[in-house]
Amino acid sequence: MDIVSRNNVTVTGPHDAPVLLLAHGFGCDQNMWRLVAPALAGDHRVVRFDYVGSGKSDLAAWSESRYSTLDGYARDVVEICEALDLRDVRFVGHSVSAMIGVLAAAAAPDRFHSLIMVGPSPHYIDTPGYRGGFSAEDIDELLESLESNYLGWSATMAPVIMGNPDRPELGEELTNSFCATDPAIARVFARTTFLSDSRDHLTTVKLPTLVLECSQDVIAPREVGAYVHAAIPDSRLVTLDATGHCPQLSAPEATVAAITDFLGSRS
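Residue numbering note: each chain is counted from 1, following its sequence as written. In view of the model being predicted, local features appear only for residues whose pLDDT reaches at least 70, and side-chain atom pairs are presented and counted only at 80 or more, with totals across whole chains, interfaces and linings using the full set of residues. Here the side-chain values reflect all heavy atoms present in the structure, with hydrogen atoms and water set aside.

1. Description of the UniProt feature "domain: AB hydrolase-1" (unreviewed entry) in the protein chain
Put simply, the test is: UniProt positions are given in the numbering used here, feature names are shortened, and annotations may be inferred rather than shown by experiment. The helix and strand labels rest on DSSP assignments: H or I over at least four residues marks a helix, E over at least two residues marks a strand, and numbering proceeds from the N terminus.
This chain's UniProt record puts "domain: AB hydrolase-1" (unreviewed entry) on residues 20–258. Helix makes up 46% of residues 20–258 and strand makes up 16%, while its end C-alpha atoms are separated by 14 Å.

This is the structure in structure tokens:
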């Protein structure tokens, strides 16, 4: 199978520059990076892609058995690295892709240089001694609503996830992205995302890591960012003066500045 076509891989920037691999989150595709990719491509070989089941990927390659765990998505990442022979990869993962990056780096440690986590959450459900931001009942209701009326759920939840109610065009863009996803595939990805628990994997991370959070984020509250930072030995926590769960859209300049500053210190 042609992995480049399967995952709709696009590459910009100098061929011999350090590699930045940008990975989108649930309900999105590589277009979510369009406001930051050009600035990052000045000094990096920027690789973007769509997970199988998202964007312009080959939907025929999707299977519920593979993508019912985060490991299936991590395999996409590793296979892209193998197909393009990417090494010393600076992996930038948004939302659930932050944890997918942890799994991919563990599976192919020789290919990764560092991790940049944008709005990460290793576990979305509150447990004793841990605040994920949602009760188990919250997640059950979220998944039930999504499974019974995906388009309605998307129209309601996307603006909440995006934040920035004074900029409704951002919420509308995320709504359109959600609605463009096949509902059957989205249901599986949602369950995989919101029921995942990657906390035990964090302490195994040996790579330099940037934990990039927003000052207000309903999906990944600041307690989660602090938890991730504390769990990963060689990590840096940066809080953007931005709101919502998608700073690459709502605050692209600040997002680029934080990423490039971190990469400059870890070159």
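So, next bit.
2. Thoughts on the nonpolar core
Heads up, the rule is: As used here, the term nonpolar core means buried Ala, Val, Leu, Ile, Met, Phe, Trp, Tyr and Cys residues forming a set that is joined through side-chain atoms within 4.5 Å. Relative accessibility thresholds used throughout: buried, under 20% of the residue-type maximum; exposed, over 50%; partly exposed, between the two (1.4 Å probe, protein chains only).
In this structure, Val77, Phe112, Met117, Leu174 and Phe178 are the most contacted members of the largest nonpolar core, which totals 72 residues. Ranked by the residues each element gives to this core, the list is headed by helix α5 (residues 96–107), at eight residues.

3. Regarding the packing of aromatic side chains
Note the following rule: Side-chain rings of Phe, Tyr and Trp, where Trp is taken by its six-membered ring, are said to pair if the distance between their centres is within 6.5 Å; with planes under 30 degrees apart they count as stacked, over 60 as edge-to-face, and otherwise as tilted. Should the NZ of a Lys or the CZ of an Arg lie within 6 Å of a ring centre and within 35 degrees of the ring normal, that charge is described as sitting over the ring.
Following the criterion strictly, the structure yields 14 aromatic pairs and no others. In this structure an aromatic cluster arises from ring pairing among Phe26, Phe49, Tyr51, Tyr67, Tyr73, Tyr124, Tyr150, Trp153, Phe178, Phe189 and Phe194. When the ring centre of tyrosine 130 is taken as origin, the NZ or CZ atom of arginine 199, which lies over that ring, is 4.8 Å away.

4. So, the pattern of salt bridges
Spelled out, the test is: Definition used for salt bridges: Asp or Glu carboxyl oxygen within 4 Å of a side-chain nitrogen of Lys or Arg.
Per the counting criterion, the structure on display carries 13 salt bridges. One salt bridge in this structure joins aspartate 261 and arginine 236, with 3.1 Å as the shortest N-O distance. Linking aspartate 261 in helix α13 (residues 252–265) with arginine 236 in strand β7 (residues 235–243), this pair joins segments that are 25 residues apart in sequence. Sharing partners across several salt bridges, the network here consists of Arg6, Arg66, Asp76 and Glu79.

5. Some words on helix α7 (residues 150–162)
Heads up, the condition is: A helix is expected to span 1.5 Å multiplied by its residue count minus one. What we call the bend at a residue is the angle made by axes fitted to the seven residues finishing there and the seven residues starting there. Contacts are assigned to residue pairs with any non-hydrogen atoms lying within 4.5 Å of each other.
With 13 residues, α7 extends 17 Å between its outermost C-alpha atoms, agreeing within 8% with the 18 Å of an ideal straight helix rising 1.5 Å per residue. Where α7 bends most, the angle comes to about 30°, and this point is threonine 156, followed within four residues by the proline proline 159. Within the sequence span of α7, burial applies to Tyr150, Trp153, Ser154, Met157, Ala158, Ile161 and Met162. Looking at the buried residues of α7, the elements they touch are α6 (136–148), α8 (168–179), α9 (183–194), β7 and α12 (247–250). After α7 finishes, the residue glycine 163 shows a positive phi value of roughly 70°.

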